[in-house]
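So you can see what is in the structure, the chains are spelled out below.
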Amino acid sequence: MLEVRNLSKSFGGLKAVTDASLDVQEGSIVGLLGPNGAGKTTCFTMIAGFTKADEGSVRFKGQDITGLPPHRICALGMIRTFQIVQPFAGLTVQENIAVGAYLHHHNRNEAMSVARDVGKRLGMGAMLDRPASSLTIAGRKRLELARALATGSKLLLLDEVMAGLIPSEITEIVGIIRQIRDEGHTFLMIEHVMQAVMSLAETAYVLNQGKMIAHGPPRELVRDPSVVEAYLGHGAAARLQEENHA
Amino acid sequence: MKSQSIGQLALAAAAVAYLIGVYFASSPVWMGFTINALIIAVVAMSWNITGGFGGLSSFGHAALYGTGAYASAILQVKYGVNAWVGFAAGILAGAAMGAFIGALAFRYGLRGSYFALVTLAFAEVLRICASSFEFTGGGSGLQLKLAPGLANLQFADRTVVYTALLVVVAVVMILTALIKYSRFGAYLIAVRENEDAARALGIDTYRIKVQAMAISGAFGGLAGVLYLQLWLFIDSTVVYGSAISVEALIGPIIGGAGTVWGPLLGTLGLHLLGEGAKHLLPNAPGLNFVLYAVVLICALRFLPQGLVGLAGKFGAFTKKKEAEDA
Amino acid sequence: MSSLIFPAVLSGLMMGAVYALVALGLTLIYGVLHIINFAHGSLLMLALYAVYFLWYHLGIDPYLAIPIVLPAFFALGYALQRGLIAPMSSGSEQNVLLITLAISMIIDNLALYFWTSNTRTADIAYAYDTVEILGAFLPLGRVIAFCAAIAVAPLLWCFMAYTKTGSAIRAVAIEKRGAELVGIDVNHTYAICFGIGTACVALAACLLLPTFYITPQVGYTFVLVAFTTVVLGGMGSLPGALIAGLLLGVIESLCGLFLGESLGQIGIFLAFILILLFKPSGLLGRAR
Ligand SMILES: Nc1ncnc2c1ncn2[C@@H]1O[C@H](COP(=O)(O)OP(=O)(O)OP(=O)(O)O)[C@@H](O)[C@H]1O
Ligand SMILES: [Mg+2]
């Protein structure tokens, strides 16, 4: 469904992403992992058309979408969420979601009712009339997801929707994501919460210092020495091995 | 969605009562004064589309107002075109000017203070041009021939003028309400609240902003044409001057930016205040602007949502509705 | 025609230096407070009247009025920022712009009320003595203004670079929070900055009055030119403001020569729009 080939991006002298490629099959949940500053968010901004890649191409549903503006990409059915949540602070939760719903429902009543349905499905039924600015961080993360879903997009790029949530909230959102996937959506998600990645993603990619260093099923990735080193520093894998043997 | 509150309904009712009361006022001064205020209210409604809903504060709405007035005046004076055609042309010219300024400014990503300054500069360029070229009547301006009659869109009877203006104001307010509750309005508000999020949700923010400028331009041009048909005379200072740009933004901010009633309430309130001051201190030109400025500063500090926001705090229905839902 | 170009360029440079001086104050305020002071031109107008009345009623020569007007306007600027703009704006950029607009409306219209729209000039005879520079004849008053205005930019720069207050201002400009943490009083520094910006305007008034006219509207003309200068020079850049001011003086003078007096300023506004659109970071500014 999504084929990303050799994306590169540098900011001034800093190479944020170098030669990154990845594939997402329709109906799957794919993880994108990596330590802080690895370039994950930058990958998303390039894929979704927010920044122009220096090099590389993106294909979505077989169509070349490299360099298209975000609204065109969204119209084709791919949408990103923001790591730092971006609610429309002055609007209510339902109005926030309705902005997404307007993409395919031009009539206000329809958009509002789609928004209500989506909100209820994501467990936000009681908050629909509250201003978005009054939501907790968990509520705002969920609102990001709800708005994205309301656009009717089939491929959702989620940027750390679980960061800052308590375990019970994580369990809840994992269930919601699985349910949405079963309804026919596809996910590419940046996530630091390993427990969530393990239980959701079939495959995952690991980015370190802008380069893809590994990909495969998450369970295998956590045992991959290069991945462990990326997270814990040089020599960490060897030390862990020794500790395990001792 | 937020419901209307009793306070807001009362405020709107007061405005309507005043506007009807003008018909029965003992002195014709009231009607003349209110006519002027209503024309400014239309400019304020024009500003409200971009500044209120879109968060794109223009400091040069005179560019739109003046373009509407000049387009119609030039067609009528130089080409002998019918006033009704000039009326339509003025609206279109305002819309075109709005779209042009917007297309340029937003193409290069101007916002905030930069957008404010560039709109101001456009108004100023147009003012200087209008005062310099023979085509626009130069420094002496343009004068329409006095020829009262429906066909020429000139009315000798003040009451007719006033009624026509009330109809126009009502139409512009209805259009504003339609915009506010449409997909376009939702998108425009989304752009104001968070442009990045709006882009992610599939909104072509550039297009929305340019369209908003075009609509605002149409309203602004309309106001300019109304002025022209009322006074039959324009010059560059009157229609492209900074006073119009200031009045365009001050009414909505005080009345409530991004609301349907705000521009009308704010403009009427300010003009009543200015008129009152004029009676207390005659021979003080510009005193009304000093008052407006003081009110503006106070409103920015104490009434962030304007009069409409303030009124909304009294007798809100929303609380009750939530309780029923629960 | 070509024989007219050189004098026009020179006289443009003379005026441009004053534009630069006015813009120095504006760009300093922008560079530190990140606000666009709409009232800047009105403050200039107010200063012009102050200098005028000192001359008219007390016979004080405009150049000798500098030590009176400069501190007075510094104090006025300080008070405006500390007492009005900061407390009333709730920290929003748009509110600041609107409040300074309101301040300019108040000053302009009160001036109109008290001093009427009559144009006034100070008849200071020696200001119109001509000075010959490279074959062009220029009024002495303009030449003095040029020299003084040009001298201010390096002085201001040295002040920023070598004094304690100057480093506090730079610290606040770069990192407000950090400056706060090391014990700099940010509100005080902001107000000082606004005071210095206003003092620049007072100095410009002293230099302008001998060869210029005053009306309550004169500030509006200047504020737009000053905005253009600041944007062209790069928002917040002192050397940029100097170069841009001189450049705009020349542009205005040449446009006046070729397009006629009334269209002279159009060159400035067109330059303004073009810069805002194509190079909003200006000649010497950092990217936004
Ligand atoms: N607009 C930008 N300008 C300059 N540098 C940037 C920009 N955006 C990102 N970077 C840099 O690029 C690198 C990658 O950033 P990115 O946000 O993609 O990392 P990330 O993997 O999402 O990290 P995190 O887990 O902290 O969110 C970082 O060093 C960051 O500082
Ligand atoms: Mg990130």
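Up top is the structure.
These notes cover the structure that comes with them. Keep in mind that this is a model prediction, so the values were computed, not measured.

Each value, and the rule that gives it
Residues numbered from 1 in each chain as written. Chains lettered and ligands numbered in written order. Predicted model: local features only at pLDDT ≥ 70, side-chain atom pairs only at ≥ 80, totals over all residues. Heavy atoms only, no water. Near = heavy atom within 4 Å. Polar contact = N/O pair within 3.5 Å; in protein donor to acceptor, adjacent residues only side chain to side chain. Areas by Shrake-Rupley, 256 points an atom, 1.4 Å probe, with all protein chains shown as cover. Contact = heavy atoms within 4.5 Å. Salt bridge = Lys/Arg side-chain N within 4 Å of Asp/Glu carboxyl O. Helix = DSSP H or I, 4+ residues; strand = E, 2+ residues; numbered from the N terminus. Nonpolar A, V, L, I, M, F, W, Y, C, P; charged D, E, K, R; others polar. Phe/Tyr/Trp six-rings, centres within 6.5 Å; stacked < 30°, edge-to-face > 60°. Buried < 20%, exposed > 50% of the residue type's maximum accessible area, 1.4 Å probe, protein only. Pairing = 2+ DSSP bridges. Axes fitted to C-alpha atoms, helices over the stretch in contact; angles between N-to-C directions. Buried area = accessible area lost by both parts, 1.4 Å probe. Left-handed = near helix turned anticlockwise from the far one by under 90°. Parallel < 35°, antiparallel > 145°, perpendicular 65-115°, else oblique.

### Concerning the site of ligand 1
Residues and elements named next belong to chain A.
Working step 1: Near ligand 1 you find 13 residues, and of these Gly37, Lys40, Thr41, Thr42 and Gln83 are the closest.
Working step 2: For ligand 1, an oxygen atom lies 3.1 Å from a polar atom in the side chain of Asn36.
Working step 3: Contacts to ligand 1 include His192, whose side-chain N or O atom sits 3.2 Å from an oxygen atom.
Working step 4: In the complex, the protein chains occlude 60% of the 640 Å² of accessible area that ligand 1 would expose alone.

### A word on the interface of chain B and chain C
Working step 1: At the interface, 42 residues of chain B touch 38 residues of chain C.
Working step 2: Across the contact surface, chain B and chain C share zero salt bridges.
Working step 3: One can count four residue pairs in polar contact (both at pLDDT 80 or more) joining chain B with chain C.
Working step 4: Where the side of chain B that touches chain C is concerned, the elements lending two or more residues are helix 4 (83–107), helix 5 (112–132), helix 11 (242–255) and helix 13 (287–302) of chain B.
Working step 5: Partitioned by chemical class, the residues of the side of chain B that touches chain C number 33 nonpolar, seven polar and two charged.

### Notes on the packing of aromatic side chains
Residue and element names in this part refer to chain C.
Working step 1: For the coordinates displayed, the defined rule picks out 27 aromatic pairs over all chains.
Working step 2: Between Tyr19 and Phe222 the ring centres are 5.8 Å apart and the planes differ by 70 degrees, which places this aromatic pair in the edge-to-face class. Of this pair, Tyr19 sits in helix 1 (residues 2–33) while Phe222 sits in helix 9 (residues 218–233), and the two are 203 residues apart along the sequence. The pair formed by Tyr19 and Phe222 is uniform in burial state, with each residue classed as buried.
Working step 3: Judged by centre distance (5.0 Å) and plane angle (65 degrees), the ring pair of Tyr113 and Phe114 falls under edge-to-face.
Working step 4: For Phe114, a relative accessible area of 55% translates into the label exposed.

### With respect to the sheet that holds strand 1 (residues 2–11) of chain A
Residues and elements named next belong to chain A.
Working step 1: Reading across the sheet, the four strands line up as 2-1-4-5 and stay open at both edges, with antiparallel pairing between neighbours. Each of the sheet's edge strands pairs with one partner strand only, and the pair in question is strand 2 (14–24) and strand 5 (63–64).
Working step 2: As judged from the seven bridges shared by strand 1 and strand 2, these two strands associate in the antiparallel manner. Pairing of Leu2 across the sheet is with Val24, part of strand 2.
Working step 3: Packed on one face of the sheet, helix 1 (residues 40–47) meets strand 1, strand 2 and strand 4 (55–60) and runs near 115 degrees to strand 1.

### Considerations on the interface of chain A and chain B
By convention, interface size is frequently given as the accessible area that disappears when the constituent parts associate.
Working step 1: If you look at the interface, chain A gives 25 residues, while chain B gives 23 residues.
Working step 2: Together chain A and chain B conceal approximately 2100 Å² of surface at their shared face, both sides included; 61% is due to carbon and sulfur atoms.
Working step 3: Counting across the chain A and chain B interface gives zero salt bridges.
Working step 4: Put simply, chain A and chain B have seven residue pairs in polar contact (both at pLDDT 80 or more) between them.
Working step 5: Looking at the side of chain A that touches chain B, the elements that each hand over two or more residues are helix 2 (70–76), strand 6 (78–80), helix 3 (93–101) and helix 5 (137–150) of chain A.
Working step 6: Split by residue class, the side of chain A that touches chain B holds 13 nonpolar, seven polar and five charged.

### Let's talk about the packing of helix 4 of chain B against helix 9 (residues 205–231) of chain B
Residues and elements named next belong to chain B.
Working step 1: The interhelical angle for the contact between helix 4 and helix 9, taken along N-to-C directions, is 145 degrees, at an axis separation of 6 Å. Note on packing geometry: the crossing formed by helix 4 with helix 9 is right-handed.
Working step 2: Here the residues of the contact of helix 4 with helix 9 sort into 16 nonpolar, seven polar and two charged.

### Thoughts on the arrangement of the chains
Working step 1: Most contacts, among the two pairs of chains that meet, fall between chains B and C.
Working step 2: One thing to see here is that chain A and chain C don't touch, and their nearest C-alpha atoms sit 13 Å from each other.

### So, the packing of helix 5 (residues 140–162) of chain C against helix 8 (residues 186–208) of chain C
All names here are of chain C.
Working step 1: Two elements in contact, helix 5 and helix 8, have axes separated by 9 Å at closest approach and are oriented at 160 degrees. One element, helix 5, and the other, helix 8, form an angle in the roughly antiparallel class. Note that helix 5 runs across helix 8; the crossing there is right-handed. Here helix 5 contributes Gly141, Ala145, Ala148, Ala149, Val152, Leu156 and Phe159 to the contact with helix 8, which in turn contributes Ile196, Cys200, Leu203 and Leu207.
Working step 2: Its residues assigned to classes, the contact of helix 5 with helix 8 shows 10 nonpolar, one polar and no charged.

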